[in-house]
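This is what each chain is made of:
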Amino acid sequence: MVSVTTWNINSVRLRMPLVEQFLTAHAPDILCLQEIKCVEEQFPAKAFRELGYDHIAIHGQKGYHGVATVSRVPFEEISRHDWQDNGEARHVGVRLTDPAHQGMVVENVYVPAGGDVPDREVNAKFGQKLDFLERMARWADTVDQPTLIVGDFNIAPLESDVWSHKQLLKVVSHTPVEVEALQRFMDAHGWRDIGREHVPAPERYYSWWSYRNPNWQTNDKGRRLDHMWASPELAKQATKHSILEEARNWERPSDHVPLTTEFDL
């Protein structure tokens, strides 16, 4: 068995006490963090190693973006794709090296948010997001290993992935053009959406609540921006999936919460 968590932490140094709280209580084998907002030299590797996470892959960037994968089980770093083609640190890939884990690959990705206006002609960031997804789709067409891709995709594709489908249709993260681009990425490899296989639509499923809404629990205006997708054969080995919503209520929280999937390997 191997368990994997994904979490947009929104500054790993600022929220390291929350990470420690989570790892002490839940102890996944692998933790994939997005938006770490630091370079490798600033990453709190010592704190992770003290918690038993000796294997670390960091693709960092000063003050912005950045991803890191930490693990209690051995792995080798295998890739750092620049799907935005601009040098931003938004991906790191690792392969588990213990034979018991069957060569499983874990890809950790932070898709660009895309700005506020869903029109590439007036908002370059939106165009960069769509281009990022198209490059991911071309890459996915070549995947030939048992692979789990996780992270903040910054898209809530289903009607039940948002608090109001009607009100968010023209809001970046739920527009038809983004959903179509994400579907092309899914189809390119036949990815299986682990979250929705364990929490079937139309059941409510959110992973993000805006800081702009202090009464997040009462209003519950959430979106499912974080995802865990697996290769078809690997998806069959997923035995459990959970969403730790209570983490959004911790002191000085991230606006995202952790998602965890367990695999029977």
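Along every chain, residues carry numbers that run from 1 in the direction the sequence is written. Given that this is a predicted model, residues contribute local features only at a pLDDT of at least 70 and side-chain atom pairs are listed and counted only at 80 or more, while totals for whole chains, interfaces and linings are drawn from all residues. With hydrogens and water stripped out, all remaining heavy atoms of the structure feed into the side-chain values.

Asks: Honestly, the packing of aromatic side chains in this entry has me stumped. Any pointers?
Replies: Aromatic ring pairs: the centre-centre distance and the angle between the two ring planes describe each pair. Classification of ring pairs rests on two measures: the distance between centres of Phe, Tyr or Trp rings, Trp counted by its six-membered ring, which must be within 6.5 Å, and the angle between planes, read as stacked under 30 degrees, edge-to-face over 60 and tilted in between. The tally for this structure, following the rule as stated, stands at 12 aromatic pairs. Measuring from centroid to centroid gives 6.3 Å for Tyr206 and Trp209, while their planes differ by 75 degrees, and the two rings are edge-to-face. Think of it in three bands: with a 1.4 Å probe and only protein chains considered, a residue is buried below 20% of the maximum accessible area for its type, exposed above 50%, and partly exposed in between. Its relative accessible area of 6% is what places Tyr206 among the buried residues. Ring-pair connections join several aromatic residues into one group, and the members of that group are Trp83, Phe132, Trp139, Phe153, Phe185, Trp191 and Trp229. Only when the NZ of Lys or the CZ of Arg is both within 6 Å of the ring centre and within 35 degrees of the ring normal is a charge said to sit over the ring. Its end group placed over the ring of Tyr110, Arg90 keeps NZ or CZ at 4.7 Å from the ring centre. Residue placement shows Lys221 over the ring face of Trp163; its charged tip is 4.7 Å from the ring centre.

Asks: What is the right way to read the environment of Ser164 from this model?
Replies: Only runs of H or I of at least four residues qualify as helices and only runs of E of at least two qualify as strands under DSSP, and these elements are numbered from the N terminus. As for its position among the elements, Ser164 is in the loop between strand E8 (147-152) and helix H4 (165-168). Placed 57 residues apart in sequence, Ser164 and Lys221 show a C-alpha to C-alpha distance of 7.9 Å.

Asks: Help me understand the sheet that holds strand E2 (residues 30-34) in this model?
Replies: In a beta sheet, neighbouring strands pair by backbone hydrogen bonds and run either parallel or antiparallel. A pair of strands is labelled paired if DSSP reports no fewer than 2 bridges between them. Taken in spatial order, the 6 strands of this open sheet run E3-E4-E2-E1-E14-E13, and their pairing is mixed. Looking at the sheet topology across the chains shown, the edges are occupied by strand E3 (55-59) and strand E13 (238-243). Recorded for the sheet is a direction-independent mean angle of 10 degrees between the axes of neighbouring strands. Summarising the sheet, E13 and strand E14 (residues 259-263) pair through 5 bridges and their orientation is antiparallel. Across the sheet, Ala238 pairs through a bridge with Phe263, a residue of E14. The criterion used for residue contact is that any of the two residues' heavy atoms lie within 4.5 Å. Here the axes come from fitting lines to C-alpha atoms, over the contacting stretch only for helices, and the angles between their N-to-C directions go from 0 to 180 degrees. Against the sheet, helix H1 (residues 16-26) engages strand E1 (2-8), E2 and E14, with an angle of about 160 degrees to E1.

Asks: What's the story with the packing of helix H3 (residues 124-140) against helix H5 (residues 176-189) in this structure? I'm lost.
Replies: For any two helices packed against each other, one specifies the crossing angle of their axes together with the interaxial distance. With their axes 7 Å apart at the nearest point, H3 and H5 run at an angle of 15 degrees to one another. When the axis of H3 is compared with that of H5, the two are roughly parallel. Taken as a pair, H3 and H5 cross one another with a handedness that is left-handed. Of the residues in H5, those in contact with Phe126, Lys129, Leu130, Leu133, Glu134, Met136, Ala137, Trp139 and Ala140 of H3 are Val177, Glu178, Ala181, Leu182, Arg184, Phe185, Ala188 and His189. Note on residue categories: nonpolar means Ala, Val, Leu, Ile, Met, Phe, Trp, Tyr, Cys or Pro, charged means Asp, Glu, Lys or Arg, and polar means any other residue, Gly included. Each residue belonging to the contact of H3 with H5 can be placed in one class, and the counts come to 12 nonpolar, 1 polar and 4 charged. Roughly parallel here means an angle under 35 degrees, roughly antiparallel means over 145, roughly perpendicular means 65 to 115, and every remaining angle is called oblique. Crossing chirality is assigned from the near helix's rotation relative to the far helix, an anticlockwise turn below a right angle marking it left-handed and a clockwise turn marking it right-handed.

Asks: What is the right way to read the sheet that holds strand E9 (residues 192-193) from this model?
Replies: The sheet built from 6 strands is open, its strands ordered E5-E6-E7-E8-E12-E9 with mixed pairing. Of all strands in the sheet, those bounded by a partner on one side alone are strand E5 (75-79) and E9. In terms of strand pairing, E5 meets strand E6 (residues 91-96) through 4 bridges, oriented antiparallel. Paired with Glu77 across the bridge in E6 is Val94. Docked against the sheet, H3 engages strand E7 (105-110) and E8, running at close to 170 degrees with respect to E7.

Asks: Explain H1 here, please?
Replies: Since the α-helix packs 3.6 residues into each turn, any two residues three or four apart lie on the same face. Taken together, the buried positions of H1 are Met16, Leu18, Val19, Phe22 and Leu23. For H1, the angular spread of buried residues about the axis comes to 155 degrees, placing them on one side. Turned more than 90 degrees away from the buried face of H1 sit Pro17, Thr24 and Ala25, all of them exposed. Contacts made by the buried residues of H1 are with E1, E2, helix H2 (45-50) and E14. In the segment just after H1, Ala27 is the residue with positive phi, at about 50 degrees. In this description, one arc is meant: the one made by directions from the helix axis to the C-beta atoms.

Asks: How should I be thinking about H5 in this particular structure?
Replies: The end-to-end C-alpha separation of H5 is 21 Å, in line with the 20 Å expected for 14 residues at 1.5 Å each. Glu178, Ala181, Leu182, Phe185, Met186 and His189 are the residues of H5 that are buried. Buried residues along H5 cover an arc of 145 degrees about the axis, so they all sit on one side. Those residues of H5 that are buried lie in contact with H3, E8, E9, strand E12 (226-230) and helix H8 (232-235). Just downstream of H5, Gly190 is the residue with a positive phi angle, here 75 degrees. In this scheme, a helix's expected span is set at 1.5 Å multiplied by one less than its residue total.

Asks: Quick question: what am I supposed to make of the environment of Ala45 here?
Replies: Mapped onto the elements, Ala45 comes out in helix H2. Note on Ala45: relative accessible area 14%, which makes it buried. Placed 10 residues apart in sequence, Ala45 and His55 show a C-alpha to C-alpha distance of 9.4 Å.

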